[in-house]
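Descriptive analysis of the structure
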Amino acid sequence: MLRARNVANKDERVAWSLEMASAGEDLHRLREERLKIARPVLEAAFKELSNLDIQFLYRPGWDTAESLAELLEKGWDADSARGFSLFGPHRADLQFQVGGRQAQHVVSRGEGKVLVFAILIAFAQVLFSTAQIRPLMLVDELASELDDIHRERFLEALRASGMQVFITTVNSELVNCVGWERVNMFELSRGEAIQVLH
């Protein structure tokens, strides 16, 4: 739809803009509903896994005080010249902040990793509570850039989540799976996975 609007001629533009505006506003409402459910879970996950005071903001991709249809119509000439639409749900963003500043500008790589882990765990919990789907979690090089405290917090959150989890690491001693219901460990050697007794 977005692509069609961006290449539409003048006769087609109104129809495509109205269609995009209707779908965009529906998508915005759906996102707001899901974020209303996710917000307390995300905030709890941030507190559980991090010492940072993290806030998040949802930016819908346009000023919702204005009609998306009107913004698309007003911006048609500029959008045509640019080859893309400046307003709409494709421009939406979740912004994470620490102390009122964008997280990517103030957190370390390890803190950023903890932030991503918190988001993944929170959305997995929301998915399970709303759709009874328990996702599979893949964690590549868990120990990289995490201190012992944050690594243990994240492992405990994974264990408590009830998800099936695959974790890669170059040092298995850094992945404490005590208390997990079932653990299988494999070592890769010359392209072959060999189960390791632990």
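Our subject in this report is the structure included herewith. It should be emphasised that the depicted structure is a prediction, and the values quoted were computed from it without experimental measurement.

For the protein, the count of helices and strands is 7 helices and 7 strands. Helices and strands appear in the protein in the N-to-C order α-α-β-α-α-β-β-α-α-β-α-β-β-β. Radius of gyration (C-alpha) of the protein: 22 Å, far over the 16 Å computed for a compact globule of 198 residues. In terms of overall dimensions, the protein has a C-alpha envelope of 70 × 40 × 35 Å along the principal axes. Per-residue burial over the protein gives 33% buried out of 198 residues. For the protein, the computed accessible surface area is about 12600 Å², with 52% contributed by carbon and sulfur atoms.

Per the counting criterion, the structure on display carries 5 salt bridges. One salt bridge in this structure joins Lys74 and Glu66, with 3.4 Å as the shortest N-O distance. Its relative accessible area of 31% is what places Glu66 among the partly exposed residues. Arg159 serves as the salt-bridge partner of Glu156, at 2.5 Å between the closest nitrogen and oxygen. Here Glu156 pairs with Arg159, and both are found in helix H7 (residues 148–161), just 3 residues apart, close to one helical turn. Glu156 gets classed as partly exposed once you look at its relative accessible area, which sits at 37%.

This brings us to the packing of helix H6 (residues 109–131) against H7. Relative to each other, H6 and H7 sit at 10 degrees, their axes nearing to 11 Å. Between H6 and H7, the angle falls in the class roughly parallel. Contacts from Val114, Phe117 and Ile121 of H6 reach H7 at His150, Phe154, Ala157 and Leu158. Looking at the contact of H6 with H7 residue by residue, the classes come out as 6 nonpolar, 1 polar and no charged.

Moving on: the nonpolar core. Note that soluble globular proteins tend to have their nonpolar side chains buried in a common cluster. Formed by 32 residues in total, the largest nonpolar core has its most connected members in Phe46, Phe96, Leu142, Phe154 and Leu158. Of all the secondary-structure elements, those providing two or more residues to this core are helix H2 (10–49), strand E1 (54–59), strand E2 (93–98), H6, strand E4 (136–139) and H7. Here this core gets 8 residues from one element, more than from any other, and that element is H6. Apart from residues lying up to four places away in sequence, Phe46 is in contact with Ile54, Phe56, Phe96, Leu115, Ala118 and Ile119.

Attention now moves to the pairing of E4. The two faces of E4 differ: Met137 and Val139 on one face are buried, but Leu136 and Leu138 on the other face are not. Relative to strand E5 (residues 164–167), E4 runs parallel, the two being bridged by 4 bridges. Bridging from a neighbouring strand, Val139 pairs with Ile167 of E5. For the segment spanning E4, H7 and E5, crossover handedness is right-handed.

We now examine the sheet that holds E2. Taken in spatial order, the 3 strands line up as E1-E2-E3 in an open sheet, and their pairing is antiparallel. The sheet is open, and its two edges are formed by E1 and strand E3 (101–102), each paired on a single side. Sheet analysis places E2 next to E3, joined by 2 bridges and oriented antiparallel. Looking at the pairing, Gln97 lines up with Gln102 of E3.

Here H6 contains 23 residues, and its C-alpha end-to-end distance of 32 Å stays within 8% of the 33 Å for a straight helix at 1.5 Å per residue. All of the buried residues in H6 are Gly110, Gly112, Lys113, Val114, Leu115, Phe117, Ala118, Ile119, Ile121, Ala122, Ala124 and Val126. Directly after H6, the chain includes Gln132, whose backbone phi takes a positive value near 55 degrees.

Quick notes on the rules
Residues numbered from 1 in each chain as written. Predicted model: local features only at pLDDT ≥ 70, side-chain atom pairs only at ≥ 80, totals over all residues. Heavy atoms only, no water. Helix = DSSP H or I, 4+ residues; strand = E, 2+ residues; numbered from the N terminus. Rg over C-alpha atoms; globule rule 2.2 N^0.38 Å. Buried < 20%, exposed > 50% of the residue type's maximum accessible area, 1.4 Å probe, protein only. Areas by Shrake-Rupley, 256 points an atom, 1.4 Å probe, with all protein chains shown as cover. Salt bridge = Lys/Arg side-chain N within 4 Å of Asp/Glu carboxyl O. Axes fitted to C-alpha atoms, helices over the stretch in contact; angles between N-to-C directions. Parallel < 35°, antiparallel > 145°, perpendicular 65-115°, else oblique. Contact = heavy atoms within 4.5 Å. Nonpolar A, V, L, I, M, F, W, Y, C, P; charged D, E, K, R; others polar. Core = buried A, V, L, I, M, F, W, Y, C linked by side-chain atoms within 4.5 Å. Pairing = 2+ DSSP bridges. Right-handed = clockwise from strand over helix to strand, strands pointing away. Expected span 1.5 Å × (residues − 1).

Taken by themselves, the reported measurements are silent on function.
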